[in-house]
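Below are the chains, spelled out letter by letter.
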Amino acid sequence: MKRTLRVDGTSMNRKNKKRLDHLENPTEAILESISDGVFTVDLDWRITSFNRAAEEITGIGREEALGRTCSEVFRSSMCEVDCALRQTLKTGKSIINKSCFIVDAEGRRIPISVSTAVLRDSNNRIVGGAETFRDLSEIEELRKELEGRFQIGDLVSRSQSMQKVFEIIPAAAASATTVLLQGETGTGKELLARAIHDLSPRKNQPFIAVNCGAFPDTLLESELFGYKAGAFTGASRDKPGRFALARGGTLFLDEIGEVSSALQVRLLRVLQERVFEPLGSVRSEKSDARIIAATNRNLVSEVKKGNFREDLFYRINVIRIDLPPLKRRKEDIPLMVDHFVARFNRIQQKRISGVAPEVMALLMAHDWPGNVRELENVIERAFVLCSEGRIKPNHLPEEFTARAPALDCGENIKSARHLVEAQAIRDALKRNGNNRLAAARELGIHKSTLFRKMKALGIIPPDTDGRSSRT
Amino acid sequence: MIVAMPVWNERIAPLFDVCQKLRLAEIEKGFVVSVSEMDFCQGEPSGKALQLEELGVAVLICGAISRPVQSIVTARNIQVIPFISGVGTEVIEAWLNGSLDDPSFVMPGCCGRRKRCRSGKETVPRGRGGKS
């Protein structure tokens, strides 16, 4: 329990003490005074007691809760598949601080931690169970506030290039204008679009995403604009399109660079006139959805090649945000690894403590052609293979460990890390034409640190410095 | 018209956000003509909403549902009747009779919210004699 109860009243407020004065049962007095919610159930899962804090956290009065099935009162994310109390009654073992969320009568998700215990009568027979739960909303808010500097939505970064993106996001979110997101595949364009939506006045309206590259032209048209019954064979009923579904909210058009010329014309009309016609309809419908478009192509050069309409490009290129690839912001990798480890711990109910230093060195040395998505997949894969403790090199895909053969030979961590660091430095120098400043920037370290490491690792400085050869 | 209910142990599942089984009731002229049950999409709420739409669901009767998830489902033109509890067969019968507002079918703590639903646009439909 969070605070000690002293019946002389020094640790409870006057109101609670007054309430306690009328209580004859000291156990009841204790339950009424604590800030954790507590309820008990009988063997038919019906609630037999429900304390004051439980009333406050759930928003349900005890007169309504008593006698009802606990899952219909508590309605937590673990009731149906992973009930902690059910497990405790089955095994006889208590569960401590299991995280989940409940949904209150207003539809709010409240993060909580749950602990359970078995209730026995004087003959030591099990007569039910007790569940204690703590509202984590404030802790969650504080955590978000602390992380907020480096995080917007699910985007995590402390690199300079991403801080510039973070600075634009609030302004982009406040306006209703079209936004164009450019970046390599896996850089988090959809996450950024969601972050803009979640910070915008439209946050309570739908966010609808459509991958334009995933549909053939005719299907994409019906997907975007919808159709009326009878518009074509098999269209037995009206189907609203994504523009209609996103009404009042945000429509995210991913891979807009893949859209055909014919459909570009139709898109341009919707963006200019804010009206569209579902297939088979003779009437126009209004669209007030805010458009966020994204592409991994360079639309400027696509316009020059004649593959993308210039007028449509200017219509969507009102606010442009370029997302840098992960290899250009490797200093974010440790922060992102922490973020993904925390997230998968939460989702998979595991207690992985992080990654081993040699794993971090391998991750830093990788080129990440698949960007953030690839990193997320690597951590998710490691979670499947790693049951507890820290993620080790053998939990990583083969292509990571293949680069550092010494890791399998019982080398100590220090020398393994040196090997990987040397490899990463050589690769970075090669990629940057031996420009040491650019290589240091890419590796997320200061140039003097790079020089020091090169010297310590015995890397011979290249004869020509990329910087001097360029100038 | 197809009415969907997430179910668990024959009752309406306590929380739609994480439910795993879906019961579909096909209604014609105010009567249930067929009932089927299936696994429900796990993961993203948008996947759940998409599955409901693809199944042709017009009304979703469910237990607790978080606000963002509810707005994703209603964005697919599916009417949501939230915070309902009870045995699945009795709930569908009550919906057809127009008696789903009975306190015995309302989740604890949700009377205020259900009242707002009655007076708002999410009015509980009267199944029989209503649209089919």
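Residues numbered from 1 in each chain as written. Chains lettered and ligands numbered in written order. Predicted model: local features only at pLDDT ≥ 70, side-chain atom pairs only at ≥ 80, totals over all residues.

Before going further, it helps to examine the nonpolar core. Counting 146 residues, the largest nonpolar core has Leu-60, Ile-61 and Ile-84 of chain B as its most contacted members. When neighbours within four sequence positions are excluded, Leu-60 of chain B is seen to be in contact with Ala-4, Leu-52, Val-73, Ile-78, Val-80 and Ile-81 of chain B. (Core = buried A, V, L, I, M, F, W, Y, C linked by C-beta atoms within 7 Å. Buried ≥ 20, exposed ≤ 12 C-beta atoms within 10 Å, placed from the backbone. Contact = placed C-beta atoms within 7 Å.)

We now examine the confidence of the model for chain A. All names here are of chain A. For chain A, the mean per-residue pLDDT works out to 84, and 88% of the residues sit at or above 70. The least confident element of chain A, judged by mean pLDDT, is helix α22 (residues 466-470) at 47; the most confident is strand β15 (residues 290-295) at 95. Confidence over residues 405-411 falls short of pLDDT 50; this stretch has 10 contacts with residues more than four positions distant or in other chains. (pLDDT = per-residue confidence, 0-100. Helix = DSSP H or I, 4+ residues; strand = E, 2+ residues; numbered from the N terminus.)

Unusually for a residue other than glycine, Asn-371 of chain A sits at a positive phi of about 60°. Positionally, Asn-371 of chain A belongs in helix α17 (residues 371-385). In this structure Asn-371 of chain A comes out as buried when scored by C-beta crowding, with 22 C-beta atoms within 10 Å. For Phe-83 of chain B, which is not glycine, the phi torsion reads 60° and is therefore positive.

Residue and element names in this part refer to chain A. Where helix α15 (residues 333-348) meets α17, the axes come as close as 10 Å, and the angle between the chain directions of the two elements is 45°. Regarding the angle of α15 to α17, the classification is oblique. Here the hand of the crossing between α15 and α17 comes out right-handed. Where α15 abuts α17, its residues Ile-333, Met-336, Val-337, Phe-340, Val-341, Phe-344 and Gln-348 lie against Val-372, Leu-375, Glu-376, Ile-379, Glu-380 and Phe-383. Its residues assigned to classes, the contact of α15 with α17 shows 10 nonpolar, 1 polar and 2 charged. (Axes fitted to C-alpha atoms, helices over the stretch in contact; angles between N-to-C directions. Parallel < 35°, antiparallel > 145°, perpendicular 65-115°, else oblique. Left-handed = near helix turned anticlockwise from the far one by under 90°. Nonpolar A, V, L, I, M, F, W, Y, C, P; charged D, E, K, R; others polar.)

This part is about α15 of chain A. Residues and elements named next belong to chain A. For α15, which comprises 16 residues, the first-to-last C-alpha distance of 22 Å matches the rise-based estimate of 22 Å (1.5 Å per residue) to within 8%. Every buried residue belonging to α15 is among Ile-333, Met-336, Val-337, His-339, Phe-340 and Val-341, and all of these are buried. Residue Gln-349 follows α15 closely and has a positive phi angle near 55°. (Expected span 1.5 Å × (residues − 1).)

Every contact between the two is made by 25 residues of chain A and, on the other side, 27 residues of chain B. Contributions of two or more residues to the side of chain A that touches chain B are made by α4 (62-65) and α5 (70-74) of chain A. With 3 residues, the single largest contributor to the side of chain A that touches chain B is α5 of chain A. Considering only residue class, the side of chain A that touches chain B consists of 10 nonpolar, 7 polar and 8 charged.

Residues and elements named next belong to chain A. Inspection of the secondary structure assignment puts Thr-218 in helix α10 (residues 217-225). Looking at Thr-218, the number of C-beta atoms within 10 Å reads 13, which means it is partly exposed. With 45 residues separating them along the chain, Thr-218 and Leu-263 place their C-alpha atoms 9.0 Å apart.

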